[in-house]
Structure formats: C-alpha cells, structure tokens
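Per-entry structural report
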Amino acid sequence: MSEAPATVVIAAEARIGADVSFGSYAVVHAGTVIGDRCSIEDHAVLGKAPRLARHSSAGGEAGPSQIGADSSVGTGAIVFAGARIGRGVIIGDQAFVRERSTVGDGSVIGRGSVVDNDVAIGARVRVQTNVYLTAGTVVEDDVFVGPGVTTANDNTMARHPLGEPLRGALLRRACRVGAGAVLLPGVQVGEEAFVAAGAVVSRDVPPRAVVLGVPARVTRRVEDGELLEHWR
C-alpha cells in the first residue's frame, strides 16, 4: 500500500493491495478489499453499510465490498458493502454504487450516477453522468447509457402486494440508450438496439431496432455499419 494522507481512515480489517493511492479524507470500512494499483480519491467512502427503511425490500446479506485492480473511485463517491467492482473500472466523482451490485471489468460509471442495489453491469459498459439504474436492472457487456437516463422498476409506485418482486430493465449487449431516455419497469432493450434521446420506453425494443418518441416506437433498423464490431 502507498503511504496514505494522515486524514484517511482505514479499518484494521480492510485488505489493501500494493501501490494503492488515497486522497484526503477517504474512508475504508471493515471487510473492504482493494486490489493493486487502485486510486481512491478525496472523500470517497468504501464499504458503507446500507441503512434501509422498515418497508424496504432491498434487504439481504451485503458482505464486503471489493474493488478490482487498476480501478479508481472518484471524489465523494460511495461504494456500499457488498458491491463488487471489477478490474480497470472508473467510478466517477459523487457516484453511488449500492449493496450487492456488480460492475464488470473496464466499465465506467459517470459523475453523480446511481447504481442501486442488486444491479448487474457487464464489462466495458459506459454509464454517463447523472444516470439512475434502479434495483434489479441488468446491463450486459458493451452497453452505452447516455447522460440523465432513468430506469424504473415498480409500475404501482410502492402500492404493490407485499413480496411482489420489482422488475428492472434489461439492456442487452451493445445496445445504446440516448440522453434523458426513460425505461419503464421490466422492459428489455434488444442487442444492438438504439433508443433515441428523450424516448419513453414502455414496451420491449427488438434487437437492432431504432426507437424514438413518447411512447417509443420503432422507426428503422440499425444498419450493419453501425454495429459495434465496426467501432472497436
């Protein structure tokens, strides 16, 4: 571990890899595991225990938080206990990654974005600024999520029967979701599909479909030259 500023608080039970750097006032809670060559910036908090409302359905064992090698956690970002961050991940300033969520290798979580509990994010995903990924959302590899995108998981807005599961969105491999789009509970955005900025997605989007509008409707098909394989 690199020498940390005197203002950093690291619990004795935390495990810190080699060549890890810390900014001022960072806090590392007990059980947190940080891989080699990570950068933990000013005021970042790792391993924070969740505090839930009585009626919350987000309970369950959180476990320790894990930060993969060569990752960075930005200024003021919070990674909760039980979150698992892969290798080479960037967690932007003031971002918020909750318990039992996973972020795959090489992904980016933009400034001020919220990854709620029990979200699964694949590898090489780009989540832009001020995105909200609600509990239960699944984001597969190579997805692009534009700034200000919002997902929802409860059509009743908290007036569903006790124990009824919530349904986050499913974003299939290499799909793209434009700025300010809203994805309603349980919708699936197909592989290589394109959701235009400001669209409200209330039904499933077929693979390679381009949708826009409120509600979103299919307007055309993603051309072969637009596929991810031509842009790596």
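Residues numbered from 1 in each chain as written. Predicted model: local features only at pLDDT ≥ 70, side-chain atom pairs only at ≥ 80, totals over all residues. Heavy atoms only, no water.

**A few points about the overall build of the protein**
Check the secondary structure of the protein and you find zero helices and 30 strands. For a compact globule of 232 residues, the expected C-alpha radius of gyration is about 17 Å, and the protein comes in at 18 Å, within 12% of that figure. Dimensions of the protein, computed from C-alpha atoms along their principal axes, come out at roughly 55 × 45 × 20 Å. Taking all 232 residues of the protein together, the buried fraction comes to 44%. For the protein, the exposed surface amounts to about 11300 Å²; the carbon and sulfur share of it is 52%. Each charge sign in the protein was given a centre, from 23 positive and 25 negative side chains, and these centres are 6 Å apart. (Helix = DSSP H or I, 4+ residues; strand = E, 2+ residues; numbered from the N terminus. Rg over C-alpha atoms; globule rule 2.2 N^0.38 Å. Buried < 20%, exposed > 50% of the residue type's maximum accessible area, 1.4 Å probe, protein only. Areas by Shrake-Rupley, 256 points an atom, 1.4 Å probe, with all protein chains shown as cover. Lys, Arg positive; Asp, Glu negative; His and termini not counted. Charge placed at Lys NZ, Arg CZ, Asp CG, Glu CD.)

**Observations regarding the nonpolar core**
Judged by nonpolar contacts, the single largest core of 50 residues is most densely connected at I34, I40, V73, I91, I121 and L171. Setting aside residues up to four positions removed in sequence, V73 forms contacts with S39, I40, E41, A44, L46, I67, V79 and I91. (Core = buried A, V, L, I, M, F, W, Y, C linked by side-chain atoms within 4.5 Å. Contact = heavy atoms within 4.5 Å.)

**Digging into the side chain of S101**
Mapped onto the elements of the fold, S101 is located in the loop between β13 (96-97) and β14 (102-103). A distance of 2.5 Å separates the side chain of S101 from the backbone oxygen of D116, its partner in a polar contact. Other than its neighbours up to four places away in sequence, S101 contacts G82, A83, R84, V115, D116, N117, D118 and V119. (Polar contact = N/O pair within 3.5 Å; in protein donor to acceptor, adjacent residues only side chain to side chain.)

**Re the sheet that holds strand β2 (residues 15-16)**
Across the sheet, which stays open at both edges, the nine strands sit in the order β2-β5-β8-β11-β14-β17-β20-β23-β26 with parallel pairing between neighbours. Because the sheet does not close on itself, it has two edges, and the strands there are β2 and β26 (188-189). Here two bridges tie strand β8 (residues 66-67) to strand β11 (residues 84-85), and the two strands are oriented parallel to one another. Residue pairing in the sheet places I67 in a bridge with I85 of β11. (Pairing = 2+ DSSP bridges.)

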